[in-house]
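Fold and geometry: a report
So you can see what is in the structure, the chains are spelled out below.
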Amino acid sequence: MSNYEIVIAGFGGQGLLFSGKVLAYAGLLEGRELSWLPSYGPEMRGGTANCNVILSDTPVGSPIVDHPNVLMVMNAPSLDKYEPAVVEGGKIFLDSTLITREVERKDVEVYRIPATQMANDMGIPGLANMILLGAIIAKTGCIKEEGIEDALKKVIPARKMDLLGSNLAALNAGKEYVA
Amino acid sequence: MSEKVLMKGNEAIAEAAILAGCRHYFGYPITPQTEVAAYMSKKMPKIGGTFLQAESEIAAINMVYGVASTGKRAMTSSSSPGIALKCEGISYMAGADLPGLIVNVQRGGPGLGGIQPSQSDYFLATRGPGHGDFHVLVLAPSSVQEMADLTVKAFDLADKYRMPAMLLADGTMGQMMEPVELPEPKEVTADKSWAVTGTKMERKHNIVNSLYLKPTELEEKNIERFERYKEIEEKECLWEEFMMEDAEICVVSYGITARVSRNAIIEARKQGIKVGMIRPITLWPFPKKALLLAADKVKSFLSVELNMGQMQEDIELAIQCKRPVGLCKRVGGMIPSPEEVLNSIKEANK
Amino acid sequence: MSQVVFDKPKALTDAVLHYCPGCTHGIVHRLVAEAIDELGIEGRTIGIAPVGCSVMAYDYFACDMIEASHGRAPAVATGVKRSMPENIVFTYQGDGDLASIGLCETVSTAARGENITIIFINNAIYGMTGGQMAPTSLIGQVTQTSPYGRNPETQGYPINICELLATLEAPAYLERVTVNNVKNVRNAKKAIKKAFQNQVEGKGFSLIEVVSSCPTNWGMTPQKALEWIDEHMLPQYPLGVYRDKENGVGLAKKEA
């Protein structure tokens, strides 16, 4: 699989667009073809939000992902919405702290990760998104692990660069959880 | 070649405008183009430029009118409802032969409409946005790279032909990020001896004006302007052809829908359907000749757009109704999926 | 030996003014031009004409000129001044232009304290379109669109621009003058020159409201119209300095 069509969905404020940006910047540093498309709307916090990321070896056509082969979900409504859209053989990564129901599809790979609980236990609440992202990178290889730190440095605002370490720790925790 | 950077379409417009020598931006917040203003508000003060959040869209375009009168590059950006407000000022700019850039990151209408992507200002843009007999240059980017490149192109063409230019994007183009190679910064070299810069007591006064009370004089001005437009139609049409060599069906689409159509065409080709695309990059001037040439080779056309078929009419005019022109559309902020476009292609192939 | 004792200001062109007999636009044009001459700024001045009777002011002033759309002159002036801060920028606007359709631009430009000069001609009527009610028309004033006299219940009250703008923090100078006799013309000249001088010195937004006459649409002889200013206009629009920031006059907030 060299063409990754990724949907990242959940509530606004969960760092979904940020997670997508990490993938996009890593893709950029690898010289990949890519696009990053956020949903946008009046709700800044708490509403549903998603972003579409495409990483490809060929020029990206439509930046809209209708049929993801990778789905990261952080709330139940988003799972309801996107589960049917995932392609056969696709991978679903969900935050099992926040989503209690089972995935009904049998033709997809499902990774249930208690990311919110893990983040709280690690003392890095708010970084559940990065735990899930770590799992995605480990299980799909959509971006190369060695480029992640550089990508993070591009995405984290300069005034928050002290959070680089905890972001890396979160990514690593996700990776280890699915190892 | 400069390094590629990752930028939102709206930010690419702003940065490219600065690189094109624009130091004066006037705007008013409206979704989904506000990143242009936000970017300018950060950047302009650092490079000695002007960022001003105007009291209204109307004031913003008139500030552009003021700067343009002094011969300098200026721009404003907005989204559909705000562009409607700017139409008065755009008409005055056209009437006074002033260059300038208006960015329209379209959203659904009419009225307050919605905030999701749309192409429903196609008529507004291509028919001369405002009262009177005129055109503006209309460029329709289909990637973040083109958001940057066509911004520069728009400024250059506007200066060259002394007329306003509109960058006609949509919410998707504005919000998405893609790698972009920014253009080289450049000096503006256009002759602007007509500008009001103060006579320095060395010449007769220059007047920037669109009022001609003598009908013969106004007629002459209009005819002169349309001679310029004719030259633009001859020289400045831009379009891109995709898989057109042996195509029997010609999709015509721009902006985000051209991206969706591309996916559909690749899939249709896999299924043995000979389909290609002509993607207009300039919507005015509209690439009529390219379409008319294609009409001799293809069986039918398919207009894919985010409105009720506005460009469809231009295609019919361009090909002199030689072939049927179908329509694949979604409106109100919806975007057709590649499957929907594919179905329309199959329909056209019957 | 002869001596020139009266001449046209250099900042006016040779074009013949199109204004009606007895209209005070001619006087104010002259005062503006004299101020420009005396300050020696013609070569770097850019004027902005409105929509209204003075729409063709661009032909009369010898400096570079722009014709703006109706009411938008302050926005155009803002653009010009921001791009050419060393130049002197003025607008010349009537009451329909400045106080009605362009009120938003007027207030916002004043609130920003743009370093420009506005000459505001208030004759309480739309002249160019043939005598309709203006935002500054007096209560009871008969116009084409207030044929029974301006009725405040349905047509509202006059807008006093100087008083309105004096509620803002930013303006440097606001004064209302008139030109209905020699003494008042002299005062108007002083005010207009000061409004330009302020800009030269970078003091900020200056607006001079000139209470003017419109004999044609008021339906009076020029002489009667000048008298009507004293009798009817000035009670509604008292002359005076409404803001002189550097001298502490009419400040929006009391200094602590």
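Remember, it's a predicted structure, so these values are computed and weren't measured experimentally.

A closer look at the nonpolar core
- Within the largest apolar cluster, 141 residues are counted, with the highest numbers of intra-cluster contacts made by B:Tyr65, B:Met75, B:Phe301, B:Ile345, C:Ile48, C:Ile66 and C:Leu207.
- Looking at which domains feed residues into this core, each of domain 1 (4–194 + 224–235) and domain 2 (239–349) of chain B supplies at least three.
- What C:Leu207 contacts, discounting residues up to four positions off in sequence, is C:Leu98, C:Ile118, C:Phe120, C:Ile161, C:Cys162, C:Leu165, C:Tyr173, C:Leu174 and C:Glu175.
- Grouped together as the second largest cluster of nonpolar side chains are 49 residues, A:Leu34, A:Met72, A:Ala115 and A:Met130 included.

Re the packing of helix H1 (residues 16–29) of chain A against helix H5 (residues 148–155) of chain A
All names here are of chain A.
- Between H1 and H5, the shortest axis-to-axis distance is 8 Å and the interhelical angle comes to 120°. Here H1 lies oblique to H5, going by the angle between them. In terms of crossing hand, the pair formed by H1 and H5 is right-handed. Note on element contacts: H5 touches H1 through Asp150, Ala151, Leu152, Lys154 and Val155, opposite Phe18, Lys21, Val22, Tyr25, Ala26 and Leu29.
- Within the contact of H1 with H5, the residues separate by chemical class into eight nonpolar, no polar and three charged.

Points about the interface of chain A and chain B
- Between chain A and chain B, the contact holds 21 residues from the first and 25 residues from the second.
- Buried surface at the junction of chain A and chain B, summed over both partners, amounts to about 1,800 Å²; 65% is from carbon and sulfur atoms.
- If you sort the residues of chain A by the area they bury against chain B, A:Leu28, A:Trp36 and A:Tyr40 come out on top, with a joint share of 35%.
- In this structure, the connection of chain A to chain B is made through zero salt bridges.
- Across the chain A-chain B interface, the total number found is seven residue pairs in polar contact (both at pLDDT 80 or more).
- Residue assignment for the side of chain A that touches chain B shows that the elements contributing at least two residues are H1 and strand S2 (33–38) of chain A.
- Split by residue class, the side of chain A that touches chain B holds 13 nonpolar, five polar and three charged.

Let's talk about the sheet that holds strand S13 (residues 282–284) of chain B
Residues and elements named next belong to chain B.
- Here we have seven strands laid out as an open sheet, ordered S3-S2-S4-S5-S7-S6-S13, and mixed in their pairing. One side of each edge strand has no neighbouring strand; the edge strands of this open sheet are strand S3 (50–53) and S13. Going across the sheet, the axis of each strand differs from the next one's by a mean of 20°, ignoring polarity.
- Examined bridge by bridge, strand S4 (residues 74–78) and strand S5 (residues 100–106) share four bridges and lie parallel to one another. The residue of S5 that forms the bridge with serine 77 is valine 103.
- Relative to strand S7 (residues 164–170), helix H6 (residues 144–161) is tilted by about 160°, and along the sheet it contacts S4, S5, strand S6 (137–139) and S7.

Things to note about the interface of chain B and chain C
- Between chain B and chain C, the residue contacts involve 33 residues of the former and 36 residues of the latter.
- Summing the contributions of chain B and of chain C, the shared interface buries around 2,500 Å²; its carbon and sulfur component is 60%.
- The largest contributions to the chain B side of the interface with chain C come from B:Glu55, B:Asn62 and B:His205, which together make up 20% of the buried area.
- Here C:Arg72 and B:Glu88 are joined by a salt bridge, their closest N and O atoms 3.2 Å apart.
- At the junction of chain B with chain C, the criterion picks out 19 residue pairs in polar contact (both at pLDDT 80 or more).
- Those elements that place two or more of their residues in the side of chain B that touches chain C are strand S2 (24–27), S3, helix H3 (57–69), helix H4 (80–95) and strand S9 (207–208) of chain B.
- With eight residues, the single largest contributor to the side of chain B that touches chain C is H3(B).
- In terms of residue class, the side of chain B that touches chain C is built from 15 nonpolar, 13 polar and five charged.
- Pairing analysis gives two bridges linking S9(B) to strand S2 (residues 64–67) of chain C, with the strands arranged parallel. Bridge pairing in S2(C) places B:Ile207 opposite C:Met65.

Notes on the side chain of A:Ser166
Residue and element names in this part refer to chain A.
- As for its position among the elements, serine 166 is in helix H6 (residues 164–177).
- Residue serine 166 is classed as buried on the basis of its relative accessible area, which comes to 18%.
- If near-sequence neighbours (up to four positions away) are discounted, serine 166 is found in contact with Ile124 and Leu127.

Here's the deal with the domain arrangement of chain B
All names here are of chain B.
- Taken domain by domain, chain B holds domain 1 (4–194 + 224–235) and domain 2 (239–349).
- With centres defined by C-alpha atoms, the gap from domain 1 to domain 2 works out at 26 Å.
- Taken together, the contact pairs 32 residues of domain 1 with 27 residues of domain 2.
- Between domain 1 and domain 2 the total buried area reaches about 2,400 Å² when both faces are included, carbon and sulfur atoms providing 53% of it.
- Here domain 1 and domain 2 share five salt bridges between them.
- With a closest N to O distance of 2.8 Å, arginine 127 and aspartate 314 form a salt bridge.
- On the surface where domain 1 and domain 2 come into contact, there are 20 residue pairs in polar contact (both at pLDDT 80 or more).
- Broken down by secondary-structure element, the contributors of at least two residues to the side of domain 1 that touches domain 2 are helix H5 (122–126), S6, H6, S7, helix H7 (171–175) and helix H8 (215–235).
- Here the side of domain 1 that touches domain 2 takes four residues from H8, the largest share from any one element.

With respect to the sheet that holds strand S14 (residues 300–305) of chain B
Residue and element names in this part refer to chain B.
- The five strands lie next to each other as S10-S12-S11-S14-S15, forming an open sheet whose pairing is mixed. Of all the strands in the sheet, just strand S10 (239–242) and strand S15 (325–329) have a single pairing partner and so form its edges. The mean inter-strand angle of the sheet, taken between neighbouring strand axes irrespective of direction, is 20°.
- As paired elements, strand S11 (residues 249–252) and S14 share four bridges and run parallel to each other.

What counts and how
- Residues numbered from 1 in each chain as written.
- Chains lettered and ligands numbered in written order.
- Predicted model: local features only at pLDDT ≥ 70, side-chain atom pairs only at ≥ 80, totals over all residues.
- Heavy atoms only, no water.
- Core = buried A, V, L, I, M, F, W, Y, C linked by side-chain atoms within 4.5 Å.
- Buried < 20%, exposed > 50% of the residue type's maximum accessible area, 1.4 Å probe, protein only.
- Domains from an automatic or database assignment.
- Contact = heavy atoms within 4.5 Å.
- Axes fitted to C-alpha atoms, helices over the stretch in contact; angles between N-to-C directions.
- Helix = DSSP H or I, 4+ residues; strand = E, 2+ residues; numbered from the N terminus.
- Parallel < 35°, antiparallel > 145°, perpendicular 65-115°, else oblique.
- Left-handed = near helix turned anticlockwise from the far one by under 90°.
- Nonpolar A, V, L, I, M, F, W, Y, C, P; charged D, E, K, R; others polar.
- Buried area = accessible area lost by both parts, 1.4 Å probe.
- Salt bridge = Lys/Arg side-chain N within 4 Å of Asp/Glu carboxyl O.
- Polar contact = N/O pair within 3.5 Å; in protein donor to acceptor, adjacent residues only side chain to side chain.
- Pairing = 2+ DSSP bridges.

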